[in-house]
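Secondary and tertiary structure notes
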Amino acid sequence: MEKEYLESISKAAAYLKDKGMEKPVVGLILGSGLGELAEEATNPVAIPYENIPGFPVSTVEGHAGQLVYGELGGKMVLAMQGRFHFYEGYALEDVTFPVRVMKALGIETLVVTNAAGGVNTSFNPGDLMIITDHVNFTGVNPLIGKNDPEVGPRFTDMTEAYDKGYQQLIRECAQSNGLEIKEGVYFGLTGPTYETPAEIRMIRTMGGDAVGMSTVPEVIVAKHAGLKVAGISCITNYAAGMQSNLNHNEVVEVTTRVKESFKSLVKDFVAKV
Ligand code: HPA
């Protein structure tokens, strides 16, 4: 890890601390259509990504999103409303930069969320899935390159990428909120194409239950940084070949439909974690 990169992490963290983002304990990465949860934070401080020094500069249309700090479920949280994807053309060190900054600000727990296609034939659009593990099928890894042992180990253990205790806590939170919850393996690809039906058959054979284009790089970096991770996917569609076609509107529609359950589940988890 280059010195300039480490310096830019400290700089961004110092800037955010100066804006009042002191001592967050939980970081949240809110996926497509799931950003509304951040609006439940009380006494919020929100800063657009473009104002944060060192944050990736949005190369595509519109705003990339914002960082929201506030109290949620009795805890100080730092929530990313929108994330950076590899398929947008960002380097993986940019995709994962916010995780490094959240770690520098003091979070101990990272909750990652995403919209994903359902590969497991027992899943339906609208299901919420506890991510029990992932498969990095992106062909790349954000930790490739020089390692700084002060930041994390050269060889990061991914045995329990998604904390087992957190998985159990999500199950309990689902139950106490009267929500049915699925669980399974998130299979991460780069996108931006959706998969072919042949790829989905392969993914199922290879142990994937859900498929998506995010999350894996962020979780790898979170583990490198020594964070405990919880992951929740919102299944927005049957994966390719299991329904007539795929489009992003459907992804957004389904997240809108389930966002209330999603919000109560994650809020309860944050309160109890
Ligand atoms: N494939 C990949 N990413 C996705 C999908 C999908 O079917 N649905 C939502 N994100």
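The following refers to the structure shown.

The rules behind these values
- Residues numbered from 1 in each chain as written.
- Predicted model: local features only at pLDDT ≥ 70, side-chain atom pairs only at ≥ 80, totals over all residues.
- Heavy atoms only, no water.
- Helix = DSSP H or I, 4+ residues; strand = E, 2+ residues; numbered from the N terminus.
- Rg over C-alpha atoms; globule rule 2.2 N^0.38 Å.
- Contact = heavy atoms within 4.5 Å.
- Areas by Shrake-Rupley, 256 points an atom, 1.4 Å probe, with all protein chains shown as cover.
- 1 Å grid on protein atoms, 1.4 Å probe; cavity = no way out; pocket = protein on both sides within 12 Å on 5 of 7 lines; lining within 4 Å.
- Points joined across faces, edges and corners; volume = space filled by probe spheres on them.
- Nonpolar A, V, L, I, M, F, W, Y, C, P; charged D, E, K, R; others polar.
- Axes fitted to C-alpha atoms, helices over the stretch in contact; angles between N-to-C directions.
- Parallel < 35°, antiparallel > 145°, perpendicular 65-115°, else oblique.
- Left-handed = near helix turned anticlockwise from the far one by under 90°.
- Phe/Tyr/Trp six-rings, centres within 6.5 Å; stacked < 30°, edge-to-face > 60°.
- Buried < 20%, exposed > 50% of the residue type's maximum accessible area, 1.4 Å probe, protein only.
- Near = heavy atom within 4 Å.
- Polar contact = N/O pair within 3.5 Å; in protein donor to acceptor, adjacent residues only side chain to side chain.

Remarks on the overall build of the protein
- Across its full length, the protein holds 7 helices and 9 strands.
- In summary, the protein has a C-alpha radius of gyration of 17 Å against a globular reference of 19 Å for 273 residues, a match within 12%.
- Viewed in the frame of its principal axes, the protein has a C-alpha envelope of about 50 × 40 × 40 Å.
- Summarising the internal contacts of the protein: among those between residues at least 6 apart in sequence, 82% fall at separations of at least 24.
- Accessible area for the protein stands at about 11900 Å²; split by element, carbon and sulfur atoms hold 51% of it.

Structural notes on empty space enclosed by the protein
- Scanning the entire structure with this criterion turns up 2 cavities of 30 Å³ or more.
- Contributing to the lining of the largest cavity are 13 residues, with Phe86, Leu189, Met213, Ser214 and Pro217 lying nearest its centre.
- Looking at the lining of the largest cavity, the elements with two or more residues in it are helix H2 (92–95) and helix H6 (216–224).
- As a volume, the second largest cavity reaches approximately 30 Å³.
- Looking at the second largest cavity, the residues that line it are Leu92, Asn136, Thr138, Val140, Asn141, Pro142, Val216, Pro217 and Ile220.
- Broken down by element, the lining of the second largest cavity gets its largest block of residues, 3 residues, from H6.
- Here the residues of the lining of the second largest cavity sort into 6 nonpolar, 3 polar and no charged.

Here we look at the packing of helix H1 (residues 3–18) against helix H3 (residues 97–105)
- Two elements in contact, H1 and H3, have axes separated by 9 Å at closest approach and are oriented at 60°. Taken together, the axes of H1 and H3 are oblique relative to one another. For the pair H1 and H3, the crossing hand works out as right-handed. Taken together, the residues of H3 that come into contact with H1 (itself represented by Tyr5, Ser8, Ile9, Ala12, Ala13, Leu16 and Lys17) are Phe97, Arg100, Val101, Ala104 and Leu105.
- Of the residues assigned to the contact of H1 with H3, the class counts are 9 nonpolar, 1 polar and 2 charged.

Some points on the packing of aromatic side chains
- Taken as a whole and judged by the stated rule, the model has 8 aromatic pairs.
- For the pair phenylalanine 137 and phenylalanine 187, a centre-to-centre distance of 5.0 Å together with 45° between the ring planes defines the contact as tilted. Separated by 50 residues along the polypeptide, phenylalanine 137 in the loop between strand S6 (128–136) and helix H4 (164–176) and phenylalanine 187 in strand S7 (residues 182–188) bring together distant segments of the chain.
- Residue class for phenylalanine 137 comes out partly exposed when judged on its relative accessible area of 36%.
- By relative accessible area, phenylalanine 187 is classed as buried at 0%.
- One aromatic cluster in this structure is built from Tyr5, Tyr49, Phe55, Phe84, Tyr90 and Phe97.

A word on the layout of surface pockets
- Space inside the second largest pocket adds up to approximately 240 Å³.
- Across the lining of the second largest pocket, the residue classes break down as 6 nonpolar, 5 polar and 5 charged.

Some points on unusual backbone geometry
- Of the consecutive residues glycine 191 and proline 192, the connecting peptide bond is found in the cis state with omega at 5°.
- Counting through the fold element by element, proline 192 comes out in the loop between S7 and helix H5 (197–205).
- Of note, asparagine 43 is a non-glycine position whose phi angle comes to about 45°, a positive value.
- If you trace the backbone, asparagine 43 turns up in strand S2 (residues 42–48).

Examining the site of the ligand
- By nearness alone, every residue bordering the ligand is listed as Ala115, Ala116, Gly117, Tyr194, Glu195, Val211, Gly212, Met213, Thr236, Asn237, Leu246 and Val251.
- A distance of 3.3 Å is found between a nitrogen atom of the ligand and a backbone nitrogen or oxygen belonging to glycine 117.
- In the model, a nitrogen atom of the ligand is placed 2.8 Å from a nitrogen or oxygen of the glutamate 195 side chain.
- Across the complex, the protein chains shield 94% of the 260 Å² of accessible surface that the ligand would expose by itself.
- Contributions of two or more residues to the shell around the ligand are made by strand S5 (109–118), strand S8 (210–212) and strand S9 (228–238).
- When residues in the shell around the ligand are grouped by element, the largest group, 3 residues, is from S5.
- Among the residues forming the shell around the ligand, the class breakdown is 7 nonpolar, 4 polar and 1 charged.

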